[in-house]
Amino acid sequence: MDEYKDVILSGLEECYEGIWNKVEDLTSEELRWIPSESSNDIQWNIWHIARVEDRWINQRMKNSQELWIKNNWYKHFNLEKIDHGNGDSIIKVREMPNMEISDLKNYFEEVRKITIDYISNITSKELNHIYIAKNRSQSGIWILGHLLVEESQHLGQIAFIRGMMKGINI
């Protein structure tokens with residue numbers, strides 16, 4: 001009766017693979033290219049996806065420290081502990097330092113390993129638990145559904161930006 005775990009993990013894996021397939025041949029300049037002055041770039045989108053997953057799984061659901069902080073990724077990327085992208089102004093997005101895509105992938109891989117392990121072993125109690133933070137409360141079911149939607153939306157943004165640069169035949 002744990003097929004739902006496979007559905008969630010399959011969706012997350014499809015997003016993860018889609019990200020790296022879309023960026024494998026992009027230059028650092030292309031990763032930072034923006035289609036308009038009010039747009040996010042591909043690098044920001046990848047970083048934000050990883051940060052969101054780290055926060056939702058590690059901080060919220062597991063009630064443990066984010067890998068961003070625990071493993072000093074915030075220092076490595078010359079950012080703040082609290083940085084995660086949600087609500088960032090376009091000025092803050094533009095001021096984000098350039099990141100080596102391999103380092104960003106390493107951070108995301110660390111996060112993803114924890115996510116896979118956690119979801120593979122999640123209990124009904126954890127799924128139905130109400131997690132509260134900043135006057136918001138969500139169930140584990142909502143969080144995992146939201147994670148799939150959030151990652152899919154940002155993968156779509158990555159694909160759109162790439163398509164604007166490289167064309168549709170990619």
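See above for the structure.
Read on for an overview of the structure. (Residues numbered from 1 in each chain as written. Predicted model: local features only at pLDDT ≥ 70, side-chain atom pairs only at ≥ 80, totals over all residues. Heavy atoms only, no water.)

Next up on the list: the overall build of the protein. In terms of regular secondary structure, the protein is built from nine helices and two strands. Reading the helices (α) and strands (β) of the protein from amino to carboxyl end gives α-α-α-α-α-α-α-α-β-β-α. Here the C-alpha radius of gyration of the protein, 16 Å, is about what a compact globule of 170 residues would show, namely 15 Å. Taken along the three principal axes of its C-alpha coordinates, the protein extends 45 × 35 × 25 Å. Within the span of the protein, comprising 170 residues, buried residues form 44% of the whole. Contacts in the protein between residues at least 24 apart in sequence constitute 73% of all its contacts with a sequence separation of at least 6. Counting every atom, the protein has about 9,400 Å² of accessible surface; 50% of that belongs to carbon and sulfur. Computed over 20 positive and 27 negative side-chain charges, the separation of the two mean positions in the protein equals 6 Å. (Helix = DSSP H or I, 4+ residues; strand = E, 2+ residues; numbered from the N terminus. Rg over C-alpha atoms; globule rule 2.2 N^0.38 Å. Buried < 20%, exposed > 50% of the residue type's maximum accessible area, 1.4 Å probe, protein only. Contact = heavy atoms within 4.5 Å. Areas by Shrake-Rupley, 256 points an atom, 1.4 Å probe, with all protein chains shown as cover. Lys, Arg positive; Asp, Glu negative; His and termini not counted. Charge placed at Lys NZ, Arg CZ, Asp CG, Glu CD.)

Right, let's get into the packing of helix α1 (residues 3-23) against helix α3 (residues 42-61). With their axes 12 Å apart at the nearest point, α1 and α3 run at an angle of 160 degrees to one another. Classified by the interaxial angle, the pair formed by α1 and α3 is roughly antiparallel. Taken as a pair, α1 and α3 cross one another with a handedness that is left-handed. Contact with α1, carried on its side by Ile 19, Trp 20 and Val 23, involves Ile 42, Ile 46 and Ile 49 of α3 and no other residues of that element. By residue class, the composition of the contact of α1 with α3 is six nonpolar, no polar and no charged. (Axes fitted to C-alpha atoms, helices over the stretch in contact; angles between N-to-C directions. Parallel < 35°, antiparallel > 145°, perpendicular 65-115°, else oblique. Left-handed = near helix turned anticlockwise from the far one by under 90°. Nonpolar A, V, L, I, M, F, W, Y, C, P; charged D, E, K, R; others polar.)

The next point concerns the layout of surface pockets. Taken as a whole, the largest pocket holds about 520 Å³ of empty space. Of all the secondary-structure elements, those providing two or more residues to the lining of the largest pocket are α3, α6 (90-95) and α9 (140-166). Broken down by element, the residue count for the lining of the largest pocket peaks at eight residues, all from α3. Tallied by class, residues from the lining of the largest pocket come to eight nonpolar, eight polar and nine charged. (1 Å grid on protein atoms, 1.4 Å probe; cavity = no way out; pocket = protein on both sides within 12 Å on 5 of 7 lines; lining within 4 Å. Points joined across faces, edges and corners; volume = space filled by probe spheres on them.)

Between its first and last C-alpha atoms α9 spans 38 Å; for 27 residues at 1.5 Å apiece the expected length is 39 Å, and the two agree. Looking only at α9, the buried set comprises Gly 140, Ile 143, Leu 144, Leu 147, Glu 150, Glu 151, His 154, Leu 155, Ile 158, Ile 161 and Arg 162. Buried residues belonging to α9 abut α1, α3, α7 (101-120), α8 (124-128), β1 (130-133) and β2 (136-139). One or two residues past the end of α9 sits Gly 167, with phi positive at roughly 95 degrees. (Expected span 1.5 Å × (residues − 1).)

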